[in-house]
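Single-letter residue listing:
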Amino acid sequence: MTSAKLSGWSGRTIVTVVLTAFVLFFAIPIVWLLLATTKSARGLIVGNPFAPGGLGDLSANWSALFSFQDGAVTGWIGNSALYAIGALVITLIAGIPAGYALALTEFRGRRLLLVLTLIVMLIPNTALVLPIFLELNVVGLIGSPLSVILPMSFFPFGVYLTYIYFSTSIPRDLLAAARIDGCREYQVFTKVALPLAAPIVALVAFFSFVQNWNNFFLPFVMLPTSDGYPAQVGLTSLLASTPAFNPSSAGAQSVQLPTLALATVVSVLPVLIVFLVSQRFLVAGMTAGGTKE
Amino acid sequence: MVRFRAARRSRLAALAGAGALTLALAACNSGGGTTAGEYGFPQVEQDDKATITVWVDADRTKAADAFTKANPDTPIKVVTYDGSANGSNSFRTKVQLFDRAQSGWPDVVFSSQNNDAAWASQKSNGKQAFAAVLNDGLVAQDTLDQFTSGSLNPCTVDGKVYCLRNDLAQAVLWYNKTLLDQFGYQVPKTWEEYQALGEKVGREHPGYIVGTVGDAWTPEVFFWASKCRANGITGPKSVTVDTGSAECKRAATMLDALIANGTTPNVSVFTPEFVKKYSGKVLLMPGPAWYAGAIFNNPESLNVPKGQLGVAPPPAWGSDQAVTGNVGGGTWFVSSHSKNLKAAESFVRFVTTADDYQVDVAPGYPAYAPAAEKWVQKQETSGYYATDLKAVVEAGTSIWDGWGSGIFSQEAVWAKTITPAIADGKSLVSLLPEWEQAITNQAQVNGYTVT
Amino acid sequence: MTVLAEVARATGRAAAPRRGSRMSYAFISLYAALALAFGVLPALYAVYLAFTDAEGGFAGITNFSKVVGDFRFRPAVTHVAIYLLIWLVALVVLVTVLAIVVHAIKVRWLSRTLRLVFYLPGALAGASSVLLWLFVLDPTASPVGGLLTLFGFDSFVQVIVPGNLPVIFAIIAFWTGAGGWIVIMYGALNNISDEVMEAARMDGASPVQIAWNIQLPMLRKWISYMGIMSLAAGTQLFVEPQLLSQASNAIVPNDYSLNQLAYQYAFGQNDFNGAAAISLLLLVIALALSAVFVTRGGLFERD
């Protein structure tokens, strides 16, 4: 009895220590990045990494960022939102039913589609860029938002998530029962499966959004004009305007590192908001999942 | 069994689809009406009213602004990109895709690198080279002649000029006059004196430095100036690499001594480490012209106060005539596919030669000699420098021509093979064969014949 | 409920497939179209590229022998292999453990905050990370400078010597990637019913026993999926060396990994055929390795 209690106590200590270590591991660089936005360029380099800067420097960085190329940053974020949300919507419409069908229905070619999806996920992107570029060029889409949205909305990762979710957490008998009750096939999906799928929809939506938001190479290749750049591509041109990464740009007009840090923080805010929203659905999923037995 | 057959059938269907794709691709290669052209390359039908698309990096948007102000009637569309900086290679990446699609090229491109002419002047898989020849009538010979002599070398392949140089980045000897006077030292005139001074500094004032070897352009600053044939580009696809020569060894030996006594640390001037450790401690610094704005007169870097920074001509080796190296300097290209070559030409001519940009706005030393003269005057009147800037002008004309601009990056080779090895404590002299091997390998995979 | 299900099973089996089949095709149609356009066709074109030369003529295996003979190929294979070993083991083990631990925390706000903290780095990408790692790995300016000096590093170049790189990349990849998987695993753990867990607890099983005997088997498919995806990500190592290459001004080479080498072939040497050949080699390796996860994890099976 005592030994069990003792091991419970020391187990708890170990867990706490390990968790704290991991929290520090994940959080310290983020804290540093947040503090960096409040510093002057020189302060960032010579000061203590954890010494906060001042509001004055923060507002100087802020105005430097939003005056870069006459406020190009706002445009980048708008573009990112357009691409990420556009692709997200198509991803969900295409991917959730597909994952459901792969997991819970029987049709010819099911295994083939699963295998193909897996293979495509394993091909290095480097190999796919040129063919996709040529394809979209043939149909004359290069430079239009669709040239980014369409390839991004192919999201095999999400289809697999959905597939595994449906095949592990929804009993097929439940669907069969619904069919007995006279549900048509699409009703089985919309009335029975979909309401139980909130957590996975949230999860897929979130990962698709993040991947789209952070996608660099596809928009870089597809969009020939800077008006259409999303935040990630824009950030690279910001990076290329800092002397530390591009000595030839050294001059009075160059961008300073804290401004870059601020740009970073501003550009990931939407991702964090989406994360917090989708977390609610993950928790909601807990109760939905509870009713299934 | 049934499933297997089904799978095979859909695989066949997919293959057929891919075939259609290739056919469609082949079909669009034959388009476009090109004629032999009056400027030495095939050109498309010209339209004087056509809008030209101009790619610039963030800094060079000011050049485009200046052009629009001076020529409000020429329609231009400005696109900003990263300027191909920091090894991103985006200029080439994009042009390759356009070459495959046979459409979409911009009319004018600024690149922050100077090894782009090496590929842009060449046919790509049998298709027309991207860069327009500029010295066959497109740009007036008078104009070309007024560029600082040698400054168009990185743009010249087989005697043809494929780009205009935006700025020069000749290496000079920067020094802190106040500190030098205080310690009672003389500015070295030869590399031998430089080494002796470095050794003296190591003994008398440890912690102070006379240069750095941590940046990728170390070979351009020290080995180029020593006439070391590490990068003897002799043709579009041939290069001579010989790092075993006495010229290479003398530079390596000198640096080994100075690395050992801590006066030329293996630290990049753009790291926080450099700023923290060496602010106020830089006595001498051989380096490109742009060091002035990038590290000395820059509040986020060394921040050397007004009236302290001096500049001397690059040192010579013994009694040889002094030569120097070059680290970067942007280039402007005109596309051979442009529909409005006239406007494109007037744009690149304006941004490289007009005072409105090169003298009034540009941060770097102009490659166009008349502009350079005025630019230097303007810098001198700022009162920042402790000396005049004659040395910078002189260095601009004494860049050694035995070091070329190949398609591959010498800087990347150095950074990858030599910098970590110095950090491991190896001596440069012992690394010379390894360096040669690395350059040779890199040249060969890029299709060069190495001798 | 169960009786109903039994009946359903008996009667439904026979009738459902044909009726369902047509609907199934409707369900997958849009996805299949996207997959064809942006996955399968491009992949086939890559295969075509790998076996042809620049002019489009059949090249046999010359592209493959060319890339394998490249002086950068062998080092790249070694780099990727070492990295993969460190990264895969660390990811699969640590993510599973962390997810189970976080799931075991009953204080809601704490568990939610922990997930947020673990996830935060995943939101950063590209240019942002370049800036961050330039500072974090520089002992003189790093927020973890003390730790780096403790290991005997006092200069940025010393930290990024080739011997340290696999570990550094594994750390960076774990830092950015683990949070997302923890969230997925957490979601999966939510789907294990409370009754099962409760019953086990009533039987006197300790948390470790529950994790080992109940949670792990239930997570089988998820873990194997994570294994495959991380394997693919690992063999395709690209982002981490690329961003360190930028931050270090090329001291970390831009041809460190196989995927970077493919990229260099395509865009540095204008040799899309060679690039496609490397990509195919990578694909074959990734497929062979992931076969282990597919079979062990029963990924294609239906329970």
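Note that the coordinates shown come from a computational prediction; the quantities given were computed from them, not determined experimentally. (Residues numbered from 1 in each chain as written. Chains lettered and ligands numbered in written order. Predicted model: local features only at pLDDT ≥ 70, side-chain atom pairs only at ≥ 80, totals over all residues.)

A. Expanded view of the overall build of chain B. If you tally the helices and strands in chain B, you get 17 helices and 17 strands. For 451 residues, the compact-globule formula gives about 22 Å, and the C-alpha radius of gyration of chain B, at 25 Å, lands near that figure. The principal-axis extents of the C-alpha atoms in chain B amount to approximately 85 × 65 × 40 Å. A buried classification covers 53% of the 451 residues belonging to chain B. (Helix = DSSP H or I, 4+ residues; strand = E, 2+ residues; numbered from the N terminus. Rg over C-alpha atoms; globule rule 2.2 N^0.38 Å. Buried ≥ 20, exposed ≤ 12 C-beta atoms within 10 Å, placed from the backbone.)

B. Highlighting the nonpolar core. Grouped together as the largest cluster of nonpolar side chains are 332 residues, with contacts concentrated most on B:Val108, B:Tyr162, C:Trp133, C:Ile182, C:Met185 and C:Ile278. For this core, the element with the highest residue contribution is helix 8 (residues 165-190) of chain C, accounting for 16 residues. (Core = buried A, V, L, I, M, F, W, Y, C linked by C-beta atoms within 7 Å.)

C. Spatial organisation of the interface of chain B and chain C. Listed by partner, the interface residues are 37 residues for chain B and 31 residues for chain C. Every element with two or more residues in the side of chain B that touches chain C is listed here: helix 1 (2-27), helix 3 (90-101), helix 10 (272-278), helix 16 (410-423) and helix 17 (428-445) of chain B. Among the elements that take part in the side of chain B that touches chain C, helix 16 of chain B stands out by supplying seven residues, more than any other. Class assignment of the residues belonging to the side of chain B that touches chain C gives a composition of 12 nonpolar, 17 polar and eight charged. (Contact = placed C-beta atoms within 7 Å. Nonpolar A, V, L, I, M, F, W, Y, C, P; charged D, E, K, R; others polar.)

D. Focus on unusual backbone geometry. Of note in this structure, B:Ser84 is not a glycine but carries a positive phi near 60°. Locating B:Ser84 in the fold gives a position in the loop between strand 4 (76-80) and helix 3. We note that C:Asn270 has phi near 55°; this positive angle belongs to a residue other than glycine. Here C:Asn270 lies in the loop between helix 13 (258-268) and helix 14 (272-297). The class of C:Asn270 is buried, set by 23 C-beta atoms lying within 10 Å.

E. Region of the structure containing the sheet that holds strand 5 (residues 108-111) of chain B. Residues and elements named next belong to chain B. Spatially, 4-3-5-15-8 is the arrangement adopted by the five strands of the open sheet, whose pairing is mixed. Each of the sheet's edge strands pairs with one partner strand only, and the pair in question is strand 4 and strand 8 (164-165). Bridge analysis of strand 5 against strand 15 (residues 331-334) gives four bridges, and the strand direction is antiparallel. Across the sheet, the residue bridging to Phe110 is Trp332, located in strand 15. Relative to the sheet, helix 2 (residues 61-70) contacts strand 3 (52-56) and strand 4, its axis offset from that of strand 4 by approximately 170°. (Pairing = 2+ DSSP bridges. Axes fitted to C-alpha atoms, helices over the stretch in contact; angles between N-to-C directions.)

F. Seen up close, the pairing of strand 4 of chain B. Residue and element names in this part refer to chain B. Relative to strand 4, strand 3 is paired through five bridges, and the arrangement is parallel. Looking at strand 4, one finds that Trp55 is bridged to Val79. In this view, the connection linking strand 3 to its parallel neighbour strand 4 by way of helix 2 has right-handed handedness. (Right-handed = clockwise from strand over helix to strand, strands pointing away.)

G. Just the UniProt feature "transmembrane region" (unreviewed entry) in chain A, in detail. Residues and elements named next belong to chain A. When the UniProt feature table is mapped to this numbering, "transmembrane region" (unreviewed entry) covers residues 12-35, 81-105, 112-134, 146-167, 188-210 and 255-277. Across residues 12-35 one finds 100% helix and 0% strand; the C-alpha atoms that close the span lie 33 Å apart. Its end C-alpha atoms 33 Å apart, residues 255-277 is made of 91% helix and 0% strand. (UniProt positions renumbered as here; feature names shortened; annotations may be inferred.)

H. Spotlight on the sheet that holds strand 17 (residues 449-450) of chain B. Residue and element names in this part refer to chain B. Reading across the sheet, the three strands line up as 11-12-17 and stay open at both edges, with mixed pairing between neighbours. With partners counted over all chains shown, the strands left at the sheet margins are strand 11 (232-235) and strand 17, one partner each. Where strand 12 (residues 238-240) meets strand 17, two bridges bridge the pair, whose relative direction is parallel. From the neighbouring strand, Val239 faces strand 17, where its bridge partner is Val450.

I. Quick peek at the interface of chain C and chain A. Facing the 89 residues of chain C at the interface are 86 residues of chain A. Take the side of chain C that touches chain A: its biggest share by element is 31 residues, from helix 1 (residues 2-50) of chain C. Looking at the side of chain C that touches chain A residue by residue, the classes come out as 58 nonpolar, 22 polar and nine charged.

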